[in-house]
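Now for the letters of each chain:
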Amino acid sequence: MTTQLLQTTILNDSLIQINWSDYEVPVANIHHHLESTIDEPTGWLHLPLENQENLLNSIQLVANEIKLQADVLVVVGVGGSFLGARAIQDALTPYFGLHQNGIEVVYAGQNMSGAYIKQLLDSLATKEVYVNVISKSGTTMEPALAFRLIRSFMKQRYGEEAKNRIIVTTDAKRGILKQIADDADYRQFVIPENIGGRYSVLTPVGLLPVAVAGVDIEQLLEGAKEAASKLKNEHLETNEAYRYAVIRHALYSKGYQIEMLASFEPALAKFHDWWKQLFGESEGKDKKGLYPTTVNFSTDLHAIGQFIQEGSPIIFETLLHFHDITDDCCVPYAEKNEDKLNYLSSRTFNEINAISKQGTALAHAEGGVPVIQLELERLDAYHLGYLIYFFMKACAMSAYLLNVNPFDQPGVEAYKKKMLELLNEQKVSF
Ligand code: PA5
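None of the values given here were measured: they were computed from a predicted structure.

J.: Before we go on, may I ask you to explain the nonpolar core in this structure?
T.: In terms of nonpolar packing, the biggest core is built from 94 residues, with F271, W274, L384, L387 and F391 touching the most fellow members. Top contributing element to this core by residue count: helix α14 (residues 381-401), with 15 residues. If near-sequence neighbours (up to four positions away) are discounted, F271 is found in contact with A87, L320, L384, L387, I388 and F391. Grouped together as the second largest cluster of nonpolar side chains are 24 residues, V72, V74, A162 and Y186 included.

J.: Explanation requested: the site of the ligand in the structure shown.
T.: Close contacts around the ligand come from 13 residues, with S81, S135, S137, T140 and Q277 the closest. S81 places a side-chain nitrogen or oxygen 2.6 Å from an oxygen atom of the ligand. With respect to the ligand, the side chain of S137 contributes an N or O atom lying 2.6 Å from an oxygen atom. Coverage of the ligand by the protein amounts to 88% of the 380 Å² it exposes when considered alone. When the residues that make up the shell around the ligand are grouped by side-chain class, the tally is one nonpolar, nine polar and three charged.

J.: What exactly am I supposed to notice about the side chain of S398 here?
T.: Looking at the element boundaries, S398 is found in helix α14. Separated by 3.2 Å, the side chains of S398 and R248 make a polar contact. Other than its neighbours up to four places away in sequence, S398 contacts A245, R248, F279 and E283.

J.: Any chance you could explain the environment of A115 here in plain terms?
T.: Locating A115 in the fold gives a position in helix α5 (residues 114-124). Measuring from C-alpha to C-alpha, the distance between A115 and G359 comes to 42 Å, with 244 residues separating the pair along the chain.

Each value, and the rule that gives it
Residues numbered from 1 in each chain as written. Predicted model: local features only at pLDDT ≥ 70, side-chain atom pairs only at ≥ 80, totals over all residues. Heavy atoms only, no water. Core = buried A, V, L, I, M, F, W, Y, C linked by side-chain atoms within 4.5 Å. Buried < 20%, exposed > 50% of the residue type's maximum accessible area, 1.4 Å probe, protein only. Helix = DSSP H or I, 4+ residues; strand = E, 2+ residues; numbered from the N terminus. Contact = heavy atoms within 4.5 Å. Near = heavy atom within 4 Å. Polar contact = N/O pair within 3.5 Å; in protein donor to acceptor, adjacent residues only side chain to side chain. Areas by Shrake-Rupley, 256 points an atom, 1.4 Å probe, with all protein chains shown as cover. Nonpolar A, V, L, I, M, F, W, Y, C, P; charged D, E, K, R; others polar.

What follows is the structure in structure tokens.
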């Protein structure tokens, strides 16, 4: 490892052969646009450098109250109003058992499955409940529908007291959710106007749920702050986020169509989902963009590994690796060595996992798959905060290199329009 917090390397760079000097001017131009624009929702770029002490204190206060009063926090939201919190929670809390103080953090409003919401409400019957509903627009169907039901559940269950147990995270001024929150006198956290959904994880959108789950939000923001200052320059030699963006663009220009984010730690599966939305919604427009997909190794080595190694050469791999993972186990020595694994005894699972990562990367690289490695020292709140900011900055640069707007998602409206048409038609025919 170098002294850099995050290191980007290309395993088989002869396959890619990037002409870095071609990118200097476009990257510098985009950089200056990003840093100076007031017309785009780029509030997330400088937010970690601002003093957020008051906000953090009030989030922590509410989180402590929830931890004290509730057995379960139901977080209602979808897309950028859900994926980030879920990603951080899964990455930084234990695999099994309850979170700190015995509280569960569960999610609703990402689907319209009747079975899911029914079983969720059934599971709440004997538990003390708080709700955090999150929607920037306040009009998104999936969370709005879930919140309507959960609100009615809370009223039946707690009567007047329900209003103290529902926390709303939404726009400061606009939207139906804002109106509902004002009318019912729910406590509110604000999603800054100049920060869009998938760039909002480091605002109350992500911070309140993960603080309840026991994540150190101060450290998360410290990591993001470090990234905001380290990645604040336009220079391709030192700005790892821009280097990553350029590598992606160069591969796209060479005909690769799919970027596959891979890691060997199952805790990162939801983080993959956050990354997939960030890049998918930011870049996939105007008939352009890399298709972002993700794999969890070793699981997927036994599912999709064959395709990666020998299938259509349309994929490149971005291998995300944290060197230190808190918990570990040693392989025990077996007297009879029935399974012939004694040669591994006294090595740890994490060591073997890391060697498997190395072997996989080498095999894929030798098979002709370009492999980018993103390496960080430790899987903790600080390094995750750094990585989140790194990806958001790289994503904005990547989208602009493709000449698409990183901050809109016009294509998402198409399904909503059709769904509403059908729902209205059925209203007439029933
Ligand atoms: O990135 C985005 O803007 C979207 O994914 C939104 O976060 C998602 O559609 C949810 O929107 P809202 O928070 O308005 O309910």
